[in-house]
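Structural overview for review
Chain residues, written in single-letter form:
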Number of protein chains: 2
Amino acid sequence: AESNADSISPVKNAVLVDGVFLNGPILDSRAGQQFVMEALPLIVEEAIQKATDVNEKVCEWQPPELLKHRLDLELRERGETHQQILERCREVIRYSVKTGHPRFFNQLYAGLDPYSLVGRFITEALNPSVYTYEVSPVFVLIEESVLKKMIEFVGWEEGGDGMFSPGETLNSYWNVQLIRLIVCLVIKLGKASKVLSGRPLLCYHAHVTVFFSSQSHYSVRKAAAFLGIGTRNVYVVPADDRGKMIPEELEKQIERAKSEGAVPFMVSATAGTTVLGAFDPLEDIADICERNGLWFHVDACWGGSALLSRKYCHLLKGIQRANSVAWNPHKMLMAGLQCCAFLVRDKTGLLQRCHSAQASYLFQPDKFYDIGYDTGDKSIQCSRKPDAFKFWLMWKAIGTQGLEERVNRALALSKYLAEEVKNREGFRLLLEPEYANVCFWYVPPSLRKTPEGPEFWKKLHEVSLEVGRISTSLLLIFLLVVGLRSGRDLKISDLHDH
Amino acid sequence: AESNADSISPVKNAVLVDGVFLNGPILDSRAGQQFVMEALPLIVEEAIQKATDVNEKVCEWQPPELLKHRLDLELRERGETHQQILERCREVIRYSVKTGHPRFFNQLYAGLDPYSLVGRFITEALNPSVYTYEVSPVFVLIEESVLKKMIEFVGWEEGGDGMFSPGETLNSYWNVQLIRLIVCLVIKLGKASKVLSGRPLLCYHAHVTVFFSSQSHYSVRKAAAFLGIGTRNVYVVPADDRGKMIPEELEKQIERAKSEGAVPFMVSATAGTTVLGAFDPLEDIADICERNGLWFHVDACWGGSALLSRKYCHLLKGIQRANSVAWNPHKMLMAGLQCCAFLVRDKTGLLQRCHSAQASYLFQPDKFYDIGYDTGDKSIQCSRKPDAFKFWLMWKAIGTQGLEERVNRALALSKYLAEEVKNREGFRLLLEPEYANVCFWYVPPSLRKTPEGPEFWKKLHEVSLEVGRISTSLLLIFLLVVGLRSGRDLKISDLHDH
């Protein structure tokens, strides 16, 4: 069979340079579009319809060595026919985990939203990079509009600034961004200077200190390590039984840091922790930050979506006092990976001052339109995907009302699940859910008569692993270990069906 | 009209919790799929067919304020109907720049590849995150396979390691990754220690020094600023007239750094600079790095694709001696944004040691398969899009042969363009192209009789801006300022057609 690479024949009056015919496009665009047309029904059927059908499998599981063998991964000198490539697409979908499946439970996923998906198809086809208005006029404006609306929900009455980014995220990796921001400013300025709320910034080699709750996301350690803050300058503040930062302990740590010659700089509170879904007491923390002149960051990657619910926005009371907020609509709201916003209350161009490198070949100051729209210079990246668009399109389609319903439904489901867990033999609720995380133990029949000593707990810890080992789907390991995170149609009986 | 949010009616035997009906899916999946089906023909026609049709416009240009008015960006309480959302999609496409258009010239783009596009549609629908084998079995293996093949082309006979990342890139932002890597190690280890090729690493506060060519990408400054290297520790090495780093100057800078008490650490050479497309003399630089015990990084983001061409791989002679290489297949090879690989020759798990945070809830050491496949812990991110897949699918479809043809064709086109520029009145070639960048001046009739004094050059510099101002498309500003970067069917007469 002819490979696709061979299928282009030169046109007449061909110009030959170095053995290459230059006339005509490099791709046979008719054949290429034909391939796309053939692939679309396959994608719709396999990656959308079946992948979200509760009667289909979440994943056709294969261990690595076997899967390698089945897929024929090797890249060769010659290309393959359209039929062969379509077959490869089918196999790739078949052996992939269907993250939009109603029985796939994971902290990042709540289902497949069709409006967001269409938005993503459009941006993949247009393949834009959001760095200047002239190459991404529509997406620059849409990002501005989405950020403005998110800032409204945070409650900064005088507005703010922000940026979407492809997100080094799982739950709160956006903290990194903030530390970067501060470190950058410090380094760029290079000496004591007043920029943030009037307090002095110290030169980089000073002992700059940040405070996090013991329940905050693991990205904190990564951030501290690779940005040169140094893990020894991260003070961990104990949390209470419900996973909330204890304000009195924060004050103690600030005093301790000062007594050790450190310079307290920032507190990162969490709204919706990774495991328990706990919300730190933001008002109390804001008070402490104000008294001590500290930057107040709220990692609301997971919990931020509650801002859209009139019923649950009280969980984030005090967030309007934050200096910066991270919020990922790709989780509970279903905007699709990645969709991560980083918002700052500052309106003096802090992001720009931090990240700008004034690349003269992109960001010419003498353009013929308002270069305030060339937002790329605010980002730590240069080329950037238009992640705000899919969220915007979805928001347009279902309205704030529809987003609110998603939040309310996820939390109603978690209440329902918690009740079912309490009432069912062999299940033990860890604590009443505050958010969409439901944490519980599954106690297998063999352990139900065992007294609660060290032996009991050791064995119980082994259960979640064992569940993963015997399960044909990935459902249980996530459900048991991480807790329910998504707004799905879950029946507790599913636990026994698999 | 009913909004989409209202269209879900509760099923019978509904369970009501907190005013929410829990039965049934949160989305009406039939209506959602119906919407996708209605949107697909629009996407194919507007964002694929017309967007790549030479007879259509590259962009329907509107200044920011007018475009804002036309698009109705505001997000409201209530959602809109499918018809309204489809109309919005049409408008978004209409006013967006068609980056796959044969007349769109930009340093990141070479056209729209149908195989890559289908790969991207599949991954958007499956919405995976490549952090562990159990959530992304297929994409973990495919990434491994692509990296292995790229490493083969770099020429590391004993293999290596690597990672795809959503790329803080324009041309070489991957440098950042390397500096991070080194800084991380230094910080993590916290004290003098031997890890890289047996030479001592210094604790973070030491004066660690990196060397870049004056022609290297602007991301270098960003990297140095936000990673705490400090711009004063970046030594800039002069380049020759063709934009190539001068080895003798590199040696001088190393001596200067040593005499200033700094610790030379890394040299970053460029294979394919941003503006001139110059290739640094890699063999000579490798010699210097070996003599001085320096880490040798090659930023081949733009030039790396020449490795696939038997005719042009000589441009990168010596790259096999690099310790690390950055290479972006999203540029000349058309894999689509983002597709950025970072490769290291090290096989001792350097990436893992740098970035690992051992998040226990994801990367459990006691899993039931080889956890070597849980590659997420190597990355600085946690959730990560499967950027290797689109490249793999395209490679399968057209073969190494097809990729090689793309490179050869782009370089043949640049030769052709250079000849045309030389032969045409009013155009002046800056220098013979070494790669796909063709740099030239357009001298307007009014200047053709002006003698070449300061006045002449001042006016000539104003021309590229003026061309942007009067052009109805974005073609000329890029073509004149940045040079031809893509493998298109360009006729020099296009310059006058617009």
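Please read all numbers here as calculations on a predicted model, not as lab measurements.

Tallying secondary structure elements over chain A gives 14 helices and 13 strands in all. Buried residues in chain A amount to 66% of all 498 residues. For chain A, the share of sequence-separated contacts (at least 6 apart) that also reach a separation of at least 24 residues comes to 70%. Counting only carbon and sulfur atoms, one obtains 51% of the accessible surface of chain A, whose full area is about 17700 Å².

A few words on the packing of aromatic side chains. One pass over the full model with this rule turns up 27 aromatic pairs over all chains. Seen from their ring centres, Trp441(A) and Trp457(A) are 5.6 Å apart, and the 70° between their planes marks the pair as edge-to-face. Here Trp441(A) is found in strand S13 (residues 440–442), whereas its partner Trp457(A) is found in helix H12 (residues 454–470), with 16 residues between them in sequence. Classification of Trp457(A) by relative accessible area gives partly exposed; the value is 27%. For the ring pair Phe427(B) and Tyr442(B), a centre distance of 5.1 Å and an interplane angle of 45° mean the geometry is tilted.

Moving on, we get to the pattern of salt bridges. All names here are of chain A. Tallied over the entire structure, the rule returns 71 salt bridges over all chains. Measuring nitrogen to oxygen at the nearest pair gives 4.0 Å for the salt bridge that ties Arg94 to Glu60. One end of the pair, Arg94, is in helix H3 (residues 82–95); the other, Glu60, is in the loop between helix H1 (29–49) and helix H2 (64–71), with 34 residues separating them in the sequence. Among the residues examined, Arg94 registers a relative accessible area of 44% and is labelled partly exposed. Overall, the relative accessible area of 23% leaves Glu60 in the partly exposed class. Salt-bridge contacts for Glu432 lead to Lys422; the nearest nitrogen and oxygen are separated by 2.4 Å. With Glu432 in the loop between strand S12 (427–429) and S13 and Lys422 in helix H11 (residues 387–423), this pair connects stretches of sequence that are 10 residues apart. What makes Glu432 partly exposed here is its relative accessible area of 40%.

Our next topic: the pairing of strand S10 (residues 324–327) of chain A. All names here are of chain A. The alternating pattern of S10 places Ser324 and Ala326 on one face and Val325 and Trp327 on the opposite face, and all of these are buried. Pairing geometry for strand S9 (residues 295–299) and S10, over 3 bridges, is parallel. What sits directly across from His297, in S10, is Ser324. Sheet topology note: the S10/strand S11 (residues 340–344) ladder contains 4 bridges and is antiparallel. Residue pairing in the sheet places Trp327 in a bridge with Ala341 of S11.

Helix-helix packing: each pair is described by the crossing angle between the helix axes and the interaxial distance. All names here are of chain B. Close contact between helix H1 (residues 29–49) and helix H3 (residues 82–95) brings their axes to 10 Å; oriented N to C, the two are set at 25°. On the basis of their axis angle, the class for H1 and H3 is roughly parallel. When the axes of H1 and H3 are compared, the crossing they make is right-handed. Of H3, the residues touching H1 (which contributes Ala31, Phe35, Glu38, Ala39, Leu42, Glu46 and Ala47) are His82, Gln83, Ile85, Leu86, Cys89, Arg90 and Ile93.

What follows concerns the pairing of strand S9 (residues 295–299) of chain B. Residues and elements named next belong to chain B. The buried fraction of S9 amounts to 5 of the 5 residues, a majority that puts the element mostly inside the structure. Burial along S9 is two-sided: Trp295, His297 and Asp299 facing one way and Phe296 and Val298 facing the other are all buried. With respect to chirality, the unit in which strand S8 (residues 263–270) leads through helix H9 (residues 282–292) into the neighbouring parallel S9 is right-handed.

The next subject is the nonpolar core. By size, the foremost hydrophobic cluster in this structure holds 190 residues, and its most contacted members are Leu316(A), Val325(A), Leu343(A), Phe391(A), Val325(B), Leu343(B) and Phe391(B). Residues within four places of Phe391(B) in sequence aside, it is in contact with Val146(B), Met150(B), Phe164(B), Pro329(B), Leu333(B), Ala335(B), Cys339(B) and Leu403(B). In terms of nonpolar packing, the next biggest core, distinct from the first, is built from 13 residues, Leu417(A), Val421(A), Phe427(A) and Phe456(A) among them.

Here we take up the confidence of the model for chain A. Residues and elements named next belong to chain A. In the predicted model, chain A carries a mean pLDDT of 78, and 71% of its residues have values of at least 70. The low-confidence segment residues 168–174 (pLDDT under 50) makes 50 contacts with residues lying over four places distant or belonging to another chain. Overall, residues 468–498 carries pLDDT values under 50, and its contacts beyond four positions in sequence, including any with other chains, amount to 93 contacts. Across the interfaces of the predicted complex, the ipTM metric reaches 0.86, alongside a pTM of 0.86.

Bringing unusual backbone geometry into the picture now. Residues and elements named next belong to chain A. Between Leu337 and the following residue, Gln338, the backbone shows a cis peptide bond with an omega angle of -15°. Along the polypeptide, Gln338 turns up in the loop between S10 and S11. The phi angle at Asn127 is positive, at roughly 50°, despite the residue not being glycine. Inspection of the secondary structure puts Asn127 in the loop between helix H4 (114–126) and helix H5 (137–154). A relative accessible area of 6% means that Asn127 is categorised as buried.

This part covers the environment of Gly277(A). Residue and element names in this part refer to chain A. Within the secondary structure, Gly277 is located in the loop between strand S8 (263–270) and helix H9 (282–292). Since its relative accessible area comes to 0%, Gly277 is described here as buried. As a C-alpha pair, Gly277 and Pro63 span 214 residues in sequence and 32 Å in three-dimensional space. In contact with Gly277, not counting residues within four places along its chain, are Gly272, Trp302, Glu434, Tyr435 and Asn437.

Structurally, the position occupied by Arg409(B) is in helix H11 (residues 387–423). Side-chain polar atoms of Arg409(B) contact the backbone oxygen of Leu22(A), separated by 2.7 Å.

Okay, H9(A) next. In an α-helix there are 3.6 residues to a turn, and that puts residues three or four apart on one side. Residue and element names in this part refer to chain A. The set of residues buried in H9 consists of Leu282, Ile285, Ala286, Ile288 and Cys289. Down the axis of H9, the smallest arc covering the buried residues is 160°, so these residues share one side. Residues of H9 that are exposed and point over 90 degrees away from its buried face: Glu290 and Arg291. Along its buried surface, H9 packs onto helix H8 (247–259), S8 and S9. Following H9 by one or two positions, Gly293 adopts a phi angle in the positive range, close to 65°.

Once that is clear, we can look at the side chain of Lys396(B). Residue placement: Lys396(B) occurs in helix H11. A polar contact is formed between the side chain of Lys396(B) and the backbone oxygen of Glu74(A), at a distance of 2.6 Å. If we ignore the near neighbours within four places in the chain, the residues touching Lys396(B) are Asp72(A), Leu73(A), Glu74(A), Leu75(A), Arg76(A), Arg78(A), Gly79(A), Glu80(A), Ile85(A) and Arg88(A).

Assignment of secondary structure puts Pro454(A) in helix H12. Once the C-alpha coordinates of Pro454(A) and Thr81(A) are considered, the two residues, 373 residues apart in sequence, prove to be 61 Å apart.

Criteria and thresholds
For every chain, the first residue of its written sequence is number 1, and the numbers climb from 1 along that sequence. Written order determines the labels here, with chains lettered from A and ligands numbered from 1. In keeping with the predicted nature of the model, local features appear solely for residues at pLDDT of at least 70, side-chain atom pairs appear and are counted solely at 80 or more, and the whole-chain, interface and lining totals rest on all residues. Note that water and hydrogens are dropped before the side-chain values are worked out from all heavy atoms of the structure. The helix and strand labels rest on DSSP assignments: H or I over at least four residues marks a helix, E over at least two residues marks a strand, and numbering proceeds from the N terminus. To sort residues, take the accessible area from a 1.4 Å probe on protein chains only and compare it with the maximum for the residue type: under 20% means buried, over 50% means exposed, and anything in between is partly exposed. Whether two residues touch is decided by their heavy atoms; if any such pair falls within 4.5 Å, the residues are in contact. Reported accessibility uses the Shrake-Rupley method at a 1.4 Å probe radius. Residues are deemed covered only where the shown protein chains occlude them. Stacked, tilted and edge-to-face pairs are distinguished by plane angle, under 30 degrees for stacked and over 60 for edge-to-face with tilted covering the rest, among Phe, Tyr and Trp rings (Trp via its six-membered ring) whose centres lie within 6.5 Å. The salt bridge definition used is simple: a Lys or Arg side-chain nitrogen within 4 Å of an Asp or Glu carboxyl oxygen. Two strands qualify as a pair provided that DSSP identifies no fewer than 2 bridges between them. Every axis corresponds to a line fitted to the C-alpha atoms, with the helix fit spanning only the stretch in contact, and the corresponding angles, defined between N-to-C directions, vary from 0 to 180 degrees. Oblique is the label for every angle not falling under 35 degrees (roughly parallel), over 145 degrees (roughly antiparallel), or within 65 to 115 degrees (roughly perpendicular). Crossing handedness is defined as follows: a turn of the near helix away from the far one that is anticlockwise and smaller than a right angle gives a left-handed crossing, while the clockwise case is right-handed. Crossover handedness is defined by viewing with both strands directed away from the observer: a clockwise path from the first strand over the helix to the second marks the crossover as right-handed. What is meant by a nonpolar core is a set of buried Ala, Val, Leu, Ile, Met, Phe, Trp, Tyr and Cys residues, joined one to another through side-chain atoms within 4.5 Å. You can read pLDDT as the predictor saying how much it trusts each residue, on a scale of 0 to 100. Polar contact criterion, stated in full: a pair of N or O atoms within 3.5 Å, where within protein one must be able to donate a hydrogen and the other to accept it, and residues adjacent in sequence count only if both atoms are side-chain atoms. The directions from the helix axis to the C-beta atoms form the arc being described.

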